[in-house]
Amino acid sequence: TKIFAGHFWIARLFQSSFLKFVDYKSVRQYFKEYKPTLLFSTDIFDDSDTAFLSSAKKEGVTILGMVRSWDNCYSKGLLRVIPDHIIVNNTTIKKELISEHFLDPNIIEEVGLPQFDHFINDTRLTRAEFCKEVGFDIAKKILVFAPAGNALSDIDWQICDILKDALDQGKFVKPLQILIRNHPNHPMTFENLENHGGFVVELPGKAVGSNQRNREFTLQECRHLADTMYHLDVLMYVATTLGLDATVYNKPQIIINFDGFKNKKYSESVVRYHDEDHMKKLINTGGVKVAKNTDELINYINAYLENPKLDNEGRARIVTEQLYKIDGKSAERLSAVLARYV
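Predicted model, so just to flag it, every value in this text is computed and none were measured.

A word on the sheet that holds strand E10 (residues 234-237)
No. 1: The parallel open sheet is built from six strands, whose spatial order is E7-E6-E5-E10-E11-E12. The outermost strands of the open sheet, each flanked by one partner alone, are strand E7 (199-202) and strand E12 (289-291). This sheet shows a mean twist of 20° between the axes of neighbouring strands, independent of strand direction.
No. 2: Where strand E6 (residues 176-181) meets E7, four bridges bridge the pair, whose relative direction is parallel. By the bridge assignment for E7, Leu179 is matched with Val200.
No. 3: Against the sheet, helix H11 (residues 277-284) touches E10, strand E11 (253-256) and E12, its axis set at about 140° to E11.

Side note on the sheet that holds strand E4 (residues 108-110)
Strands in a sheet are paired, the pairing made by backbone hydrogen bonds, and the direction either parallel or antiparallel.
No. 1: Pairing in this open sheet of four strands is parallel, and the strands run E1-E2-E3-E4 from one edge to the other. At either margin of the open sheet sits one strand with a lone partner, and together these are strand E1 (38-41) and E4. Each neighbouring strand pair of the sheet contributes to a mean axis angle of 20°, computed without reference to strand direction.
No. 2: The sheet contact formed by strand E2 (residues 62-66) and strand E3 (residues 85-88) spans three bridges and is parallel. Bridge assignment links Met66 to a residue of E3, and that residue is Ile87.

A closer look at the environment of Gly287
No. 1: Summarising the element assignment, Gly287 is placed in the loop between H11 and E12.
No. 2: For the pair formed by Gly287 and Lys251, sequence separation is 36 residues and the distance between their alpha carbons is 9.6 Å.
No. 3: Not counting chain neighbours up to four residues away, the residues in contact with Gly287 comprise Gln253, Tyr304, Asp311, Gly314, Arg315 and Ile318.

With respect to unusual backbone geometry
Trans peptide bonds make up the majority, and among non-glycine residues the majority have a negative phi.
No. 1: Despite not being glycine, Lys35 has its phi angle at roughly 50°, a positive value.
No. 2: On the secondary structure map, Lys35 appears in the loop between helix H2 (25-34) and E1.
No. 3: The exposure class assigned to Lys35 is exposed, which follows from its relative accessible area of 64%.
No. 4: You will see that Phe102, though not glycine, has its phi angle at about 60°, which is positive.
No. 5: With respect to the element layout, Phe102 can be found in the loop between helix H5 (91-101) and E4.

Re the side chain of His118
No. 1: Relative to the helices and strands, His118 resides in helix H6 (residues 117-121).
No. 2: Not counting residues within four places of it along the chain, the set of residues in contact with His118 comprises Arg124, Cys222, Arg223 and Ala226.

Comments concerning the packing of aromatic side chains
No. 1: Following the criterion strictly, the structure yields eight aromatic pairs and no others.
No. 2: Summarising the aromatic geometry, the rings of Tyr230 and Tyr249 are spaced 5.1 Å apart at their centres and angled 80° between planes, so their arrangement reads as edge-to-face. Taken together, the positions of Tyr230 in helix H9 (residues 219-231) and Tyr249 in the loop between helix H10 (242-247) and E11 put the pair 19 residues apart, joining distant regions of the chain.
No. 3: Ring pairs connect the aromatic residues Phe116, Phe119, Tyr230 and Tyr249, which therefore count as one cluster.

Describing the packing of helix H8 (residues 156-168) against helix H12 (residues 294-306)
No. 1: At a minimum axis separation of 11 Å, H8 and H12 run at an interaxial angle of 60°. Regarding the angle of H8 to H12, the classification is oblique. Between H8 and H12 lies a crossing whose hand is right-handed. Contact with H8, carried on its side by Ile162, Leu163 and Ala166, involves Thr294, Leu297, Ile298 and Ile301 of H12 and no other residues of that element.
No. 2: Considering only residue class, the contact of H8 with H12 consists of six nonpolar, one polar and no charged.

Overview of the pattern of salt bridges
No. 1: One pass over the structure, following the stated rule, counts 17 salt bridges.
No. 2: For Asp43, the salt bridge goes to Arg68, with nearest N and O atoms at 3.0 Å. In this pair, Asp43 is assigned in the loop between E1 and helix H3 (47-59) and Arg68 in the loop between E2 and helix H4 (72-75), connecting sequence segments 25 residues apart.
No. 3: On the accessibility criterion, Arg68 (47% relative accessible area) is partly exposed.
No. 4: Between Lys265 and Glu268 there is a salt bridge, with the nearest N and O atoms lying 3.8 Å from each other.
No. 5: Several salt bridges share partner residues, and in doing so they unite Asp23, Arg28, Lys32, Lys58 and Glu59 into one network.

Topic: the environment of Arg213
No. 1: In this structure, Arg213 sits in strand E9 (residues 211-216).
No. 2: Residue classification places Arg213 among the partly exposed residues on the basis of a relative accessible area of 47%.
No. 3: C-alpha of Arg213 to C-alpha of Glu202: the two residues are eleven residues apart in sequence and 14 Å apart in space.
No. 4: Setting aside its immediate chain neighbours within four residues, Arg213 contacts Asn150, Asn185 and His186.

Thresholds applied
- Residues numbered from 1 in each chain as written.
- Predicted model: local features only at pLDDT ≥ 70, side-chain atom pairs only at ≥ 80, totals over all residues.
- Heavy atoms only, no water.
- Pairing = 2+ DSSP bridges.
- Helix = DSSP H or I, 4+ residues; strand = E, 2+ residues; numbered from the N terminus.
- Axes fitted to C-alpha atoms, helices over the stretch in contact; angles between N-to-C directions.
- Contact = heavy atoms within 4.5 Å.
- Buried < 20%, exposed > 50% of the residue type's maximum accessible area, 1.4 Å probe, protein only.
- Phe/Tyr/Trp six-rings, centres within 6.5 Å; stacked < 30°, edge-to-face > 60°.
- Parallel < 35°, antiparallel > 145°, perpendicular 65-115°, else oblique.
- Left-handed = near helix turned anticlockwise from the far one by under 90°.
- Nonpolar A, V, L, I, M, F, W, Y, C, P; charged D, E, K, R; others polar.
- Salt bridge = Lys/Arg side-chain N within 4 Å of Asp/Glu carboxyl O.

Structure below.
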């Protein structure tokens, strides 16, 4: 499929062969026992969901599916089982299902991103309450940095060193404090920031069981994320979906597109992550700055601190292309689709 999946008939041959020759007998027993009339898959590219999708197709059960995230149509291979109806977050994903997986547009419906409903519908902490919760000075601006995490990069600490030096040397145009929001499952350690008053390091999520790397987001964790996005003044990151979270509140954002103090070859550089299709679409909106070196990073942070409305039009395009609608009613639209099948 890596070589030939871009051709309609090859894709269909692969999908029909998959259904014919791959049989999840351990899963099919559930269909025979419970005799469901509808399967709702929340992640149609996932291996586990695919076992149920395949079994449902063989048992003649109606399938309603969702695409979980903005990169799935490119990063998860060819869709192995085609549902009867598909729910997507936005028109961009719909177009990708049509162009990359050759699906009928009439079976695809956009609803938005339900996880952002509480961003709109909940009451946010005041800035004073948020700063007290995090340990920040209410009088200072807030920069949030989302590192790549140790699974993707080994230079996150260097980016933090750059920020620390800029703080110590007074390079920022306004008093600034920095929240490092670690990757929940691949956190970096930042010994270089210990005892530095300008930084707070967070490890999001709540550990499940004894494995600290198996972390889930409770409702309180989700609320804290929303509060963080609401009160930050600038977001900077490497290869994360937090840019979408921040766009809900029209927040300035910077992509780190260089390797700290190192000059890495492309195959090892963070640059390659931002050449992925979904990231290129985000960058092409003009709603984000892409920092290619230390000087650009400092300059972009200062530009946003002085003018938070900079790149407003680009961020509006991100909303249109990636969020569909941020009206707090995505779950209602999702429920309405589900209700038609119940």
